[in-house]
Structure formats: C-alpha cells, structure tokens
Amino acid sequence: MASIINKISFQNFFNYYGPLEENTYEFSKGVNIVVADNGGGKSKFFNGFLWIFYDEILDSDTKTRKNIKNQAVKICSDKAKNEAAVNDLIEINVALEFSDIRFTYRICKGFRIKKSRSDASLTDSSDWQVFFNNIEVSKRDIQLLEFHEVYDEDEHKRILNKLIQSNLREYSLFQGEEVDKLIDFNQADSLNRAVKTLTNINKYDELEKITKYVADRAEKDLNERVASNDAASLNYRKKLEEKDEKKNSLESELEKLNSYEHSYAENKAEVDKLESLNENAEARKEFDDKIKEQNTKKKALKEDYDRLVEKLNERFFDGNFGWIAFGCEKEVSSFKEKLNKYREVRTLKKAAILSEDNSNINLLPPDSPDSVTLQTMVEREHCYVCNREAKKDSESWKYIMSLLNRKESSQNRSIQVFKNDFNEFFGEIQLGAQSYVGRIGGIQESIFRTREKEQELLARIVKVQEKIKNLKDERSRLIIGDEDNMIDARQIMAQYKGALTRLQKAEDDIVKAKKRINSLSDGVRKDEFELSRMRPQNTPKEYEVHLDISSDLRDAAQRTRVRVFDDMILRLEKEANMHFQNLIKYNELAGGILKFEKNLRGTIDFNYIDDEGNEVTGASEGFQRMKVLAVLMAVISVNPYGYLYPLLADAPLSAFGQGFIKGFFDETEKVFPQSIILIKDLYDRDSENKLNKLGNELLNNNSVSTMYLNHIPKNLKQVDVYTEHKKIK
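Below: a short report on this structure.

Each value, and the rule that gives it
Every chain begins its residue count from 1, and numbering advances along the sequence as written. Note on the predicted model: pLDDT of at least 70 is required for a residue's local features to be given, and 80 or more for side-chain atom pairs to be given and counted; whole-chain, interface and lining totals, by contrast, use all residues. Values shown for side chains rest on all heavy atoms present in the structure; no hydrogens or waters enter the calculation. Going along the chain from the N terminus, every DSSP run of H or I of four or more residues is numbered as a helix, and every run of E of two or more is numbered as a strand. Here, residues are in contact when the closest pair of their heavy atoms is within 4.5 Å. To measure how exposed things are, a 1.4 Å probe is used in the Shrake-Rupley method; for residues, cover is taken only from the protein chains shown. Each nonpolar core is a collection of buried residues, namely Ala, Val, Leu, Ile, Met, Phe, Trp, Tyr and Cys, held together in the definition by side-chain atoms within 4.5 Å. Type-normalised accessible area, obtained with a 1.4 Å probe on protein chains alone, sets the label of each residue: buried when under 20%, exposed when over 50%, and partly exposed for intermediate values. A patch consists of residues exposed above 30% relative accessible area that lack any salt bridge, with like charges linked at up to 9 Å and nonpolar side chains (Val, Leu, Ile, Met, Phe, Trp, Tyr) linked at up to 5 Å. Salt bridges, as used here, are contacts in which a Lys or Arg side-chain nitrogen is within 4 Å of a carboxyl oxygen on Asp or Glu. Only four residue types enter the tally: Lys and Arg on the positive side, Asp and Glu on the negative side; His and the chain ends are excluded. To locate a charge, take atom NZ for lysine, CZ for arginine, CG for aspartate or CD for glutamate. Two strands qualify as a pair provided that DSSP identifies no fewer than 2 bridges between them. For every element, the axis is a line fit to its C-alpha atoms; helices are fit only across the contacting stretch, and the angle between N-to-C directions ranges from 0 to 180 degrees. The labels follow the angle: roughly parallel below 35 degrees, roughly antiparallel above 145, roughly perpendicular from 65 to 115, and oblique for the rest. Gly is put with the polar residues, along with every residue not named as nonpolar or charged; the nonpolar set is Ala, Val, Leu, Ile, Met, Phe, Trp, Tyr, Cys and Pro, and the charged set is Asp, Glu, Lys and Arg. As used in this structure description, the phrase polar contact means that two N or O atoms lie within 3.5 Å; if the pair is within protein, one of them must be able to donate a hydrogen and the other to accept it, and residues adjacent in sequence are counted only when both atoms belong to side chains. The handedness criterion is simple: a crossing whose near helix is rotated anticlockwise from the far helix by less than a right angle is left-handed, and one whose near helix is rotated clockwise is right-handed.

With that settled, consider the overall build of the protein. In terms of regular secondary structure, the protein is built from 22 helices and 19 strands. In the protein, once contacts between residues fewer than 6 apart in sequence are set aside, the share between residues at least 24 apart is 70%. Roughly 41,300 Å² of accessible area belongs to the protein as shown, and the carbon and sulfur atoms make up 48% of that amount.

Structure, rendered in structure tokens:
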C-alpha cells in the first residue's frame, strides 16, 4: 500500500497564525487541491514539507533554499511576533500525519522564540532568542487508538523514508519552474538517472554484479585447485595464464569504456548547451526542409524493405515462387521412378487377384486395369493380368483389344481388389507438387533477384541516412550573429566544433572499446572451453559443477538485464506518448511524438519529433513542461510496483493554460496514489465562491477528493496578515 498523507497542521508558521487545530488540512487518496491567490500561503504551505524533509525552507526573496536555523525569526508569524510581550515564548510547529498499510505516523518539528526587548524588530534575529525542539515522532497500529513515541533517531529516518524515500523526493516535491528540472532533456544523464531511480532496473544491475562475482570466485577456486594438482599439464597452466591475461585486458577495456562514456556524456551536455547558441533560424529552416524530404524518402524505402522482408516466408509456400522445392530436383526424379515401379507392381498384383476370383466376369470391374494399362498391354504385347505374352493378332491380344474397345455396362459389379490403395494418394501428391516442380529450375534465380532487391533497398536506405547525417552536420555548423558580434560567434563556433570533435572521438572510442571487449570476451570463453577439456581427470567434480552453474547464472543475468532494459525503452515510449496525449488532449494544438532510443553507451536518448521523424523545436513552455511530466509519469508507470508515495506540488501549472491544467489533473490521479496540488490558476476573486470555471468543474469532478480555499482577510496591515482556509469539498 502507498503512503497517504492524512493531514498537515501549522502553528504560527509564516501566515498560518494560531494553534495547530486552527490550521489543519485533511487529505485523502486521489487528487487534493489547495486553491489560493498570490500571497495566499501556497509557498508557505509547501515550506512546511521542506522543513519536515530537509530542515530547509525556500526563501521567496532569493529563490534559494536556506537552513531553517538561520531563518527561524523570519519563519514565525508576523502577527504572533507583533502581539507578543517581552519574554513571551511563541510556539512555531509543523505537524504531519500519514499512514501506510499497517501504521499511522505523526511527525512534528518545532521551535520557540522569545522576545528580548519591547521594541524588537520583526526580522532582526538578535532581538529574539530561538530554542529548537527535538523532532517528535510517534506511531500507532491502524487498528488501535493510542500513539507511542519513537525515540530512536535511525527509526525516525526510516519513518520519514516511508513517507517518501530520500532518493525519490525530488520527483515528489517540486515548485513552479522546478518542474523543468525533474528531467532536464539538455542533460544527457538526467533521463537515465530518473529511470534508475524510479524503476527497478537497478536490481538487475546488482544481480549482474553478484552473479559475476560468484562466477569469478568459482573459477578462481577451480583454477587454484587444478593448479595445485601434480597431474595438471604445463599446457594447462600456460593456457590459464593466457586466459588470465585476456581477463585483465578485458577489465582494463571495461574501465576505459566507462571513461569514454563519461566523456561522451560531458561533451553531449556541452554540445546541447552550445547548440542552443549556435542556431540560425532561416538557414536551419532550409536544412530542416531538406532533412524532412530525405526522412520521407527514408520512410518509404523502409516500408518497401519491411514489406519485402515480411513476405520472404510466404515465398517458400507460394506456388508462384515455390522456394521450398529448392534443391529437390533429384527428389522429383526419384519420386517418379518409385511411382512407376509402384504402379507396375500394383497392376501385376491386381491382375493376380482378379485371376483368382471365381466369379464369372464378362467385363473387368471398375478398378481393373484402366484404359492406359490396357493400352500398355496392347503396345507391349504382354498381358499383365496373367503375366503371359500376347502377340499381336493372337487370341489373347485380340481379347485385350476387345476390353480396350468395350462399352461400359450398367451390369458391371464392383470388386474390391486392394484393402488399402494408395494410388490416388500418390496421384494427389503428384498433382499438388506440380506447381512447385515447374518452378524448381528458376528458384535459384528468384532467390538471387530477391536478394539483389533487398541489397538495393538497404543501399538506398544507407545512402539516404548518410545524406541526412551530412545535412545535419552542415546544419550544426550554423551560427547566430551579425557583424557586431562575430567575435563571440566565432568563439562559440570554436567551442561548439571542439565539443563536437570530442563527442565524435568519445563515440568512436566507445565503438572501438566495445569491439575489443567483445573480442576479448570471445577469447576468454574459448580459453575456458579449452581449459575444461584439459583439466586432469581427478579434478573434484563439485568445483566444475559450481563453475558451470555460476557461469550460467552470470550469463543469464547479463542477458536478462539487456532484455529488461530494451523492453523498458519500448514501454517508456508507449507510456510517455499515452500520458502526453492525455495531458494535452484539451489543447487545440496537436503535440509531437516522444521518442526513446538506446544509444551507444547503453543508456536512453530522448527526442521530440513529428510524424515524419523530424525534430520538433520551438514548443511553448506549456508543451515543454507537459513533455517533462509525461516522461516522468512514464518512468513511474513502467515500474511494476507502481509509485508508492504522494506528489506534493506548489504552483506547477502557472505556464500551462486552462487546457493543460485540466489534462494535468485528469492524468495525475492515474499515476500518483495521492497528489496535493497548490494552485492559484483556479482562483477568481470576482466569483461568488472564488473559483473560476475550471475550478468549479474540478470541484464537481469525482476524481478530486478534497479541495481547500485559502483566503487572506482584506485591509490588513502586514503585521496583522494571516491565512484563513475553508474546506469546500
């Protein structure tokens, strides 16, 4: 079960003046909304969560997070400070209650400030004494009534992690523009970090490491055992040394690969950053049109190629091609010979059976020698029925001729000659194979032509891809600038070219390193096989069995990790586009396509493209944030266990517009078990209930569990300001 926030309470915390009981918000599963105008306490509300999790607050003046201990006086309600007398203690607290499947927990953080002088400043910390309380944590079984305090500090951390895991908090708590930082598409590793953090892919990495360690250990134990055996040959020890050298080289190459991948990520980030400064709109448009045209050609060629490949299997059984008969020329001749022999023997046996029949047969039965057989008997002057000569114009020969020239009689009676007669069966085989037999001579040529067509299409696709790459390379060299800033432009261009060169080198290094790794891995496997054959007969079998099992587990773990990761990329793309379309469905403009691809480094690249595969640029801020949220939701959705923590967001929708906001609330409930959204975009000060049209729609929407309205009483001095709230759903 996911963790659900039941309520949060404030005491003299910024604008939330008064005791905890008067500033309590109760929440439930699903979507929870707190609507407030500017200054209505949204950011202050969110700061309560920052205090609980990080001992920090967001300073609204500097837009930076600051430690709570340095901001204590500023945090306390101005109204409470203004009303306090000298030596009065003011309590400042934030209390949070949440539940999981078994327990309900309470967390309270607080401090007290004491007024030192009658003319104390409301902001000068030297006029106030601050006393911080220890964090108070308690829990109770959900079936019981009483809370029991928890004193152990490690248990405090575990309970806080039950609410939201520390490594997941950046994806659960964000304010305004921080949405853009959740997954920064300009940072090469941002998406991969999110995938590793929010999914269970890491467990496959750990499994791969563990199984590799076990296999290496089993191999070491076996080799040490064999090496200590006097029966081990000199060749065995030499081969073992060769294999160890290859393994050491393999480890070195893996380290180099890691370094190359790190270099690639750094240079990719630099290229992405510089590229935004390196665009020329008109020239890029020209190149974009050319690239789009080539992408259209590539798509058509790819479709032709896919159709050709899809129909290859059909050509084996299609009578127009008959590929299945390739190489069966001898089989056809053999079948004909065997069929003729069968029919000759059948005729002889049939004649023998008929001659033994005691009935008075004036005419041959329907299944007697047929006209062809009778004609053969006449031509060869031999009776197959009685197996005697029938010379031309002899009585026997004339009798056969009379049978051949006889008229059918309605009095013929059927005589069963054979119990199981395969004559028709073999005839059907001959008939069914006729279309294939006729094609045998041209099958090789047909296959050759098909292969030529395939190679031609592949060559054309590669040629178009190269042209697209060249166009993109030329486009990337464009710069922005006029005569007044060409120095800066040249400097940017030089930096950009340098980053591109380093990026290409890192990419080349990665490819080469992977080739060397594959070659060394093959060599190690071959050596292992040779060593297994060279081991002495008296080597304990349990060592070999241990190595075989652990090696199989290691290989299975490696294959599984690759398979799961590849499958995840496909699912990410599917989920992201589904969420994206749902998020923007109320917007008049259609969005592009979110594309995920596995790169050379074995990580994920993200692209935003149109239907033709062209990169989409210049999307509005609303679309940009929807892309981020769609990808975040996709990463969460591919986790088989779902997301077990609430979403807490302060004004994340300010740049969205009404259509995007509606789509956001519709989609949020499908991904997060609970969301608490602080928003001003539903507020309308001129409306009777202070909600605009969309706010009232959400108020009546079953997907919204609770809704609060914050309000600041009018005409108050700054020192008297406080926030009222009302639960309207």
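Resuming the write-up.
To continue, consider the nonpolar core. Grouped together as the largest cluster of nonpolar side chains are 110 residues, with contacts concentrated most on Ile33, Phe45, Phe49, Phe596 and Phe665. If you tally residues by element for this core, the top one is helix H20 (residues 621-637), at 11 residues. Among all residues touching phenylalanine 596, those that are not within four sequence positions of it are Leu191, Ile569, Leu572, Glu573, Ala576, Ile604, Asp605, Phe606 and Val631. Counting residues in hydrophobic clusters, the runner-up holds 13 residues, among them Val271, Tyr496, Ala499 and Ala513.

Turning our eyes to something else, we now look at the side chain of glutamine 11. By the secondary structure assignment, glutamine 11 is in strand S1 (residues 4-11). Taking the relative accessible area as the measure of exposure, glutamine 11 reaches 16% and is therefore buried. Apart from the residues within four sequence positions on either side, glutamine 11 is in contact with Tyr16, Gly18, Pro19, Leu20, Glu91, Ile92 and Asn93.

Here the focus is a nonpolar patch on the surface. Together, Ile210, Tyr213 and Val214 make up a nonpolar patch on the protein surface, roughly 300 Å² of accessible area in all. Relative to the helices and strands, isoleucine 210 resides in helix H8 (residues 201-227).

What follows covers a positive patch on the surface. A cluster of basic side chains, namely Lys290, Lys297, Lys463 and Lys467, defines a positive patch on the protein surface. Counting residues per element, the ones that place at least two in the positive patch are helix H10 (281-310) and helix H17 (440-476). Assignment of secondary structure puts lysine 463 in helix H17. Judged by its relative accessible area of 61%, lysine 463 is exposed.

Taken as a whole and judged by the stated rule, the model has 41 salt bridges. Ionic pairing is found between glutamate 170 and arginine 193, a salt bridge with its closest N-O pair at 2.9 Å. Taken together, the residues glutamate 170 in helix H5 (residues 169-172) and arginine 193 in helix H7 (residues 190-198) connect sequence positions 23 residues apart. Take glutamate 170: its relative accessible area is 33%, and that puts it in the partly exposed class. Ionic pairing is found between aspartate 555 and arginine 554, a salt bridge with its closest N-O pair at 3.2 Å. Within the structure, one salt-bridge network assembled from shared partners comprises Lys212, Asp216, Glu219, Lys243, Lys247 and Glu251.

Structurally, the position occupied by asparagine 223 is in helix H8. By relative accessible area, asparagine 223 is classed as buried at 11%. Expressed as a C-alpha distance, the spacing of asparagine 223 and arginine 237, which sit 14 residues apart in the sequence, is 9.1 Å. Non-local contacts of asparagine 223, meaning those with residues more than four positions away in its chain, are made with Tyr236, Leu240 and Lys243.

Where strand S7 (residues 103-115) and strand S9 (residues 136-141) come together, 6 bridges link them in antiparallel fashion. For tyrosine 105, the partnering residue across the bridge sits in S9 and is lysine 139. One ladder, built from 3 bridges, connects S9 with strand S10 (residues 148-150); its direction is antiparallel. Each bridged residue has a counterpart across the sheet, and for lysine 139 the counterpart in S10 is histidine 148. Joining the antiparallel neighbours S9 and S10 is a turn of 6 residues.

A separate point is the packing of helix H19 (residues 541-583) against helix H21 (residues 658-671). It is the contact of H19 with H21, at a shortest axis distance of 8 Å, that shows an interaxial angle of 140°. Relative to H21, H19 is oriented oblique. The segment H19 lies against H21, with His579, Asn582 and Leu583 engaging Gly659, Phe660, Gly663, Phe664, Glu667, Lys670 and Val671. Among the residues making up the contact of H19 with H21, the classes are represented as 4 nonpolar, 4 polar and 2 charged.

Before going further, it helps to examine the side chain of lysine 115. Secondary-structure assignment places lysine 115 in strand S7. Buried charge lysine 115 goes without a salt bridge, the closest partner of opposite sign being aspartate 88 at 7.6 Å. A distance of 3.0 Å separates the side chain of lysine 115 from the backbone oxygen of alanine 84, its partner in a polar contact. The contacts of lysine 115, once residues within four sequence positions are left out, are Lys81, Ala84, Ala85, Val86, Asn87, Asp88, Ala120, Asp127 and Trp128.

It is worth spelling out the packing of H8 against H19 at this point. The N-to-C vectors of H8 and H19 enclose an angle of 160°; their axes lie 8 Å apart at closest approach. Taken together, H8 and H19 sit at an angle that is classed as roughly antiparallel. With respect to the hand of their crossing, H8 and H19 are arranged in left-handed fashion. Partitioned by chemical class, the residues of the contact of H8 with H19 number 14 nonpolar, 6 polar and 9 charged.

Here the focus is the sheet that holds strand S11 (residues 173-175). Pairing within the open sheet is mixed, and its 6 strands lie in the order S11-S16-S17-S3-S18-S19. Looking at strand neighbours, the two that pair on one side only are S11 and strand S19 (724-727), the edges of this open sheet. Averaged over all neighbouring strand pairs, the angle between strand axes comes to 15°, with direction disregarded. Against the sheet, H21 makes contact with strand S3 (30-35), strand S16 (647-650) and strand S17 (674-679), and its axis sits at roughly 160° relative to S17, the strand it touches most.

The subject of this paragraph is the pairing of S7. Across the 13 residues that make up S7, a large majority, 10, are buried. One ladder, built from 11 bridges, connects strand S6 (residues 89-99) with S7; its direction is antiparallel. Bridging across to S7, isoleucine 92 finds its partner in phenylalanine 111. Counted between consecutive antiparallel strands, the loop separating S6 from S7 contains 3 residues.

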